[in-house]
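Okay, here's what each chain looks like letter by letter:
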There are 2 protein chains.
Amino acid sequence: MDELHFVPRSEFTRLLTLDCPPVPKTEVFAALCRINTLYMIAFAGSGHIGTSFSSMDIVSWLYLNELNTHPPDEDGAGDVFFSSKGHDAPALYSVMIGLGLLPFEKLHELRRLNGLPGHPDVSTPLIETNTGSLGMGISKAKGMALANRMLGRNCRLYVMTGDGELQEGQLWESLGSAANRGLAEITVIVDHNKIQSDTWVKNVSDLGDLDSKFASFGWHVDRCDGHDLGALSEKLAGAKASKKPAIIIADTIKGRGVSSMESTSMKTDEEFYRFHSGAPDEETYARAAEELIERANQLLSGVDAGPLVVEPVARPRRTPPAEDAQRLVGAYEKALVEAGRQNNSLVALDADLILDCGLISFRDSFPDRFFECGIAEQDMVSQAGGMALKGLLPVVHSFACFLTPRANEQIYNNATEKTKIIYVGSLVGLVPGGPGHSHQSVRDISALAAVPDLTLLEPCCEREVGMAVDYATEEASSSIYLRLVSIPCAIPFDLPADYRLEEGRGVTLIEGADAVLFSYGPVMLAEAYKAAESLREGRGVALKVVNLPWLNCVDDDWLRAVLGECRSVFTVDNHYTAGGQGEMLAAAIAGLGLSGGVRVTRFGLDEIPACGTNEEVLRYHGLDSESLASRIAQTLGQGFGEIPNQEVTG
Amino acid sequence: MDELHFVPRSEFTRLLTLDCPPVPKTEVFAALCRINTLYMIAFAGSGHIGTSFSSMDIVSWLYLNELNTHPPDEDGAGDVFFSSKGHDAPALYSVMIGLGLLPFEKLHELRRLNGLPGHPDVSTPLIETNTGSLGMGISKAKGMALANRMLGRNCRLYVMTGDGELQEGQLWESLGSAANRGLAEITVIVDHNKIQSDTWVKNVSDLGDLDSKFASFGWHVDRCDGHDLGALSEKLAGAKASKKPAIIIADTIKGRGVSSMESTSMKTDEEFYRFHSGAPDEETYARAAEELIERANQLLSGVDAGPLVVEPVARPRRTPPAEDAQRLVGAYEKALVEAGRQNNSLVALDADLILDCGLISFRDSFPDRFFECGIAEQDMVSQAGGMALKGLLPVVHSFACFLTPRANEQIYNNATEKTKIIYVGSLVGLVPGGPGHSHQSVRDISALAAVPDLTLLEPCCEREVGMAVDYATEEASSSIYLRLVSIPCAIPFDLPADYRLEEGRGVTLIEGADAVLFSYGPVMLAEAYKAAESLREGRGVALKVVNLPWLNCVDDDWLRAVLGECRSVFTVDNHYTAGGQGEMLAAAIAGLGLSGGVRVTRFGLDEIPACGTNEEVLRYHGLDSESLASRIAQTLGQGFGEIPNQEVTG
């Protein structure tokens, strides 16, 4: 089936003007929004279905019946709702679109450049705060509440959290002062769908007695079925009446609304929930859409309204990854198991990303040496510190965007103990561009570069991943941060057969005398390589392309030899230009005092990364091969004209 | 009175060989250790008395009666005790010295180079883990416990925490999995002395019902008077018998043992506790020592032992700060009040360092615009984010060592919202050298340099502080990180009368053509300036000395003009060389492509900062003026001989 379906604006108008009580009206509204959420994610090709569906009834209820921000207040002084977990953004967008709070055509622009970001961003109208990095929501709401009080505004703040999110320490850190200050205008709703990224919360890191935990922090606590809008309405009224800040634990079902996606439909031997992120396949989509439409029609008929009209859209064609695309995380998964076989002291720690970080094989091979820490990066890193002090070799995993800034002080504290720990950050760099800046790790080099005795290393292909794991586990005497791109990558270059990792030394991929181009990793090195090829073929400019996987160190002798007589240098970072490898390299070159005057031009990210398809995002930032070729040529004075960046962003 | 007194080793030997029951023996032991703790801090000139005294009975009891690490296990497989708060290190040291676990002469080496660090460090024998940055202790112990289990070791782990420390989110983050994994070998003792850095915990950020909080996280919870060793012994036995990890809330008195230092002696109108950190003055010392010795004698007589013999030591003479020394935090305090007068939207947030961050005047002037957040940096920073979104201008304060890495992701999240927030990190740089590396903020530039639209700025004198506050509050359109040295500094240079702050541009303090020397801030700029003066006077080398207060940006045109024809450049960072201002500058110079070949030599910290007096530490790292002059001369090929670093460290 090659069509997707969405509920058009006219159907929302029909529903919203119906004269019927709030509960059934909101139920129909949520049913329509589920259809559109499924559509948005299928159309975009990625997004979080399970959590969007579990929160849908709650978000719909709040927007239709609680918030005074509909219609929106121009001065930002209205009631506030936001989701602290943030990955339920498609649910929120579909509600806002259904209510006319966002332009309807945005329905087709999820995770696109200038569209609706993968996680909430304040650049979207009426989005209150940027979320996607977990645990910050209640703190943010407290700040808003205090500001509102100071500015004489009287409005309520609703924050939705996940349940896996409750493993984050900041969330508990934020509770005390809210109670002490009596911030009763804050109501937190826990979307307690019992499943975090991959599997059941109780198996990842059980939350224990949530009611009693929250109550012990001085909050008003209540609990209800999060899909029973009557009950929710009552509990919200209770929260409003309380003199304390309130938490409502809403028991929900992940994937609610599509039977095959509902967590309750999981078989007893089924470990992993399949609809946390990513788009459904064609058949799953078709059956899910059919079920959702049928359910909407039932509900419509319950309020004496005619059946639903949906609009078809052709399913967008997507180019699948090249057949020979390399998967670095997959290579890492294999290499880690091999390293575990070689070293009985090696243990792996994970923060609820066992699938994405490639850890299933290790866990299955060495169940006693695998530690699932939950969404608790600080705790995980300090635990690794304790393990290292007692003689183990901990390998610590998460997405780089969470591991390196959230546990930044803990990583430093470990480093001051001079133990050896391996940190592995995946999902690094600008792409995938869909999730948005909370997940694009483009600041981790800077955040870790000055940690003493921590060497930063990013492999550019599956083979180099194996070498990097060997180096980190066997050769390195101190700690290593391994930076892993997660998307499948077509690799246009080959590493020489005799290439070996030596700290601070890279390898030349193409010889050339006009300029030297340094990069690293599968994304930017591939773009740099293609740029060099096109400059050579198109313009006869001969760039030497060098892979330097070491991100915070370079060997001066090697560097001098690589530069030779060449005095034009380019660097390409999959990272902010500030604090990236290019800055380190440029400073090292300045330290060599080469005669004749070298010029180092650095390419990288110079603003907050855009959200969009990978191609859109690379091009927007002038980091695709074509833009790079043009920018290099321009710098070399070859007169290729303007760089394309402005044209695209215009 | 010009003498200090300590209890010599022979007296500990006498006590430890006495045949008497554990409770009175430990009471005498603790009494002796209090005398030595007071001595160590008075001799060192700084240290944390209050918290050392509140924890002394507990630490003594554990070492004398619970831990099997006495005598120590060579293979690190014995019971573990450590203090997560860490600033009670003098108490721990005095106990270890009293028991012969550390060389006795270390008593005279608190906070000295190669002595006993201000906060625990694993370089000291039997110190289990590095602490001083709060909230990590239980996580560390969990990692150790898991490693012990894997390695077949059967031993117990005791962690002491503070009570103010319980405001840190990581502490709560760490509780859940300890209970889930049944880590019953861990016993946590809260030294609940009711006072955090400056004042009462209940006034800073009340902890609420601690018993019920801990119990709700699935821990065995008990409570006793932390100075009643019989009761403590019972509770520890209960913890040992429990199948759950256990927490004992030990109600203690800050400053216990010296009546004038006991928190219970504070008058009702007295807001601040005076003995959290810093050495007592001569008179206070004398009376305190007298009282402690009298109490020890009472206890000794109670176990039928003769009176105490103490040994005198001349009080070391310390050079007071120069009369005209500048105090940047004091200047900041005044400037912030003035800025608050100009801007009603300006609010100040603090993380339990109201005195050290210079915030009393602001709070007293604008009580409704001051927010005490407690030791909860992540929560504070995200609250500031919420406030900024709702229209306020938040100014966020803490020691830089905690603010910038602990809340690193939160600062980035705020930045992605493109609001304006001012972050003020004090206690920056290598000195004071006494507290040790947990408090020496020498990585903050790197950790923040790549945050988009965040400008890093470090003023070099009181006048530039005023300019920086004006710039941050009035001129800057985006966020600012203000980096403040906390020690009083003699400033050998003057800023030109017409100097104004312009982003990315600095000012020349001395003209010279042989090389250009860039630095910033009162500590390193003063050393650099003195180095330049000595090179000019002693060797006729003419250095141009430039103050560049901008840490992560430089204006290319200005830079080109400042360099002129000069091709030798030096940078001096009060920070790790990696990721410091020098790296940014060197990269910028490499980007200019100047003809003739520039050589940039960067000085900064190349290893974990040493603990010691300020002079010791600067010299150890080759960053005092003399070492700098020598290193510069060496680089310029003037033949000054070897740099002195090795001689000192040897």
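Reading the values: the criteria
- Residues numbered from 1 in each chain as written.
- Chains lettered and ligands numbered in written order.
- Predicted model: local features only at pLDDT ≥ 70, side-chain atom pairs only at ≥ 80, totals over all residues.
- Heavy atoms only, no water.
- Contact = heavy atoms within 4.5 Å.
- Buried area = accessible area lost by both parts, 1.4 Å probe.
- Salt bridge = Lys/Arg side-chain N within 4 Å of Asp/Glu carboxyl O.
- Polar contact = N/O pair within 3.5 Å; in protein donor to acceptor, adjacent residues only side chain to side chain.
- Nonpolar A, V, L, I, M, F, W, Y, C, P; charged D, E, K, R; others polar.
- Core = buried A, V, L, I, M, F, W, Y, C linked by side-chain atoms within 4.5 Å.
- Buried < 20%, exposed > 50% of the residue type's maximum accessible area, 1.4 Å probe, protein only.
- Helix = DSSP H or I, 4+ residues; strand = E, 2+ residues; numbered from the N terminus.
- Phe/Tyr/Trp six-rings, centres within 6.5 Å; stacked < 30°, edge-to-face > 60°.
- Least-squares fit on C-alpha atoms with pLDDT ≥ 70 in both.
- Pairing = 2+ DSSP bridges.
- Axes fitted to C-alpha atoms, helices over the stretch in contact; angles between N-to-C directions.
- Parallel < 35°, antiparallel > 145°, perpendicular 65-115°, else oblique.
- Left-handed = near helix turned anticlockwise from the far one by under 90°.

**Quick word on the interface of chain A and chain B**
Across the contact, 98 residues belong to chain A and 98 residues belong to chain B. Around 8,000 Å² of area is buried between chain A and chain B when both sides are counted, 54% of it from carbon and sulfur atoms. When residues of chain A are sorted by the area they lose upon contact with chain B, Glu-173, Lys-390 and Glu-409 of chain A head the list and together hold 11% of the total. Taken together, the connections running from chain A to chain B amount to eight salt bridges. Inspection of the region where chain A meets chain B yields 49 residue pairs in polar contact (both at pLDDT 80 or more). Here the residues of the side of chain A that touches chain B sort into 39 nonpolar, 34 polar and 25 charged.

**Digging into the nonpolar core**
Grouped together as the largest cluster of nonpolar side chains are 322 residues, with contacts concentrated most on Phe-518 of chain A together with Phe-518 of chain B. Among all residues touching Phe-518 of chain B, those that are not within four sequence positions of it are Val-546, Leu-548, Trp-558, Leu-559, Val-562, Leu-563, Val-569, Phe-570, Thr-571, Val-572 and Leu-585 of chain B.

**Looking at the side chain of Ser-139 of chain B**
Structurally, Ser-139 of chain B is set in helix α5 (residues 137-150). When its relative accessible area of 0% is taken as the criterion, Ser-139 of chain B is described as buried. A distance of 3.1 Å separates a polar atom in the side chain of Ser-139 of chain B from a polar atom in the side chain of Gln-170 of chain B. If near-sequence neighbours (up to four positions away) are discounted, Ser-139 of chain B is found in contact with Asp-379, Ser-382 and Gln-383 of chain A together with Gln-170 and Ser-174 of chain B.

**Considerations on the packing of aromatic side chains**
One pass over the full model with this rule turns up 33 aromatic pairs over all chains. Pairing Tyr-63 of chain A with Phe-81 of chain A gives two aromatic rings, centres 5.9 Å apart and planes at 80°, and the pair type is edge-to-face. Of this pair, Tyr-63 of chain A sits in helix α3 (residues 49-66) while Phe-81 of chain A sits in strand β2 (residues 80-83); the two residues are 18 residues apart in sequence, bridging distant segments of the chain. Across the pair, exposure class does not vary: Tyr-63 of chain A and Phe-81 of chain A are buried alike. Ring plane angle 15° and centroid distance 5.1 Å describe the contact between Trp-172 of chain B and Phe-214 of chain B, whose orientation is recorded as stacked. Here Phe-214 of chain B lies in helix α8 (residues 210-216) and Trp-172 of chain B lies in helix α6 (residues 169-180), a separation of 42 residues in the sequence.

**Digging into the relation of the copies chain A and chain B**
With an axial shift of 0.0 Å and an RMSD of 0.0 Å, the rotation relating chain A to chain B amounts to 180°. Both copies of the chain, as the preceding transformation shows, are related through a two-fold rotation axis. A shared binding surface is used by both copies, with 100% of the interface residues of chain A retained as interface residues in chain B.

**Here's the deal with α6 of chain B**
All names here are of chain B. The buried count for α6 comes to 10 of 12 residues, which makes it a mostly enclosed element. Among the residues making up α6, those that are buried are Gly-169, Gln-170, Leu-171, Trp-172, Glu-173, Ser-174, Leu-175, Gly-176, Ser-177 and Ala-178. The positive-phi residue at the C-terminal boundary of α6 is Gly-182, with phi of around 65°.

**With respect to the sheet that holds strand β5 (residues 220-225) of chain A**
Residues and elements named next belong to chain A. The strand order β2-β3-β4-β6-β5 describes an open sheet built from five strands, whose pairing is parallel. For this open sheet the edge positions go to β2 and β5, each flanked by a neighbour on one side alone. Strand-to-strand twist in this sheet, taken as the mean axis angle between neighbours without regard to direction, amounts to 20°. Sheet analysis places β5 next to strand β6 (residues 246-251), joined by six bridges and oriented parallel. Counted as the bridge partner of Asp-222 is Ile-248 from β6.

**Here's the deal with the packing of helix α5 (residues 137-150) of chain A against helix α13 (residues 377-389) of chain B**
Contact geometry for α5 of chain A and α13 of chain B: axes closest at 6 Å, N-to-C directions at 45°. Put simply, α5 of chain A runs oblique to α13 of chain B. Along this stretch, α5 of chain A crosses α13 of chain B, giving a crossing that reads as right-handed. Where α5 of chain A abuts α13 of chain B, its residues Ser-139, Lys-140, Lys-142, Gly-143, Met-144, Leu-146 and Ala-147 of chain A lie against Asp-379, Ser-382, Gln-383, Gly-385, Gly-386, Met-387 and Leu-389 of chain B. Counted by class, the contact of α5 of chain A with α13 of chain B contains five nonpolar, six polar and three charged residues.

**As for the pattern of salt bridges**
Residues and elements named next belong to chain A. The final tally for this structure, using the stated rule, is 62 salt bridges over all chains. Between Glu-271 and Arg-363 there is a salt bridge, with its nearest N and O atoms 2.6 Å apart. In this pair, Glu-271 is assigned in the loop between β6 and α11 (282-302) and Arg-363 in helix α13 (residues 360-365), connecting sequence segments 92 residues apart. A relative accessible area of 33% means that Glu-271 is categorised as partly exposed.

Shape descriptors only; they carry no functional weight alone.
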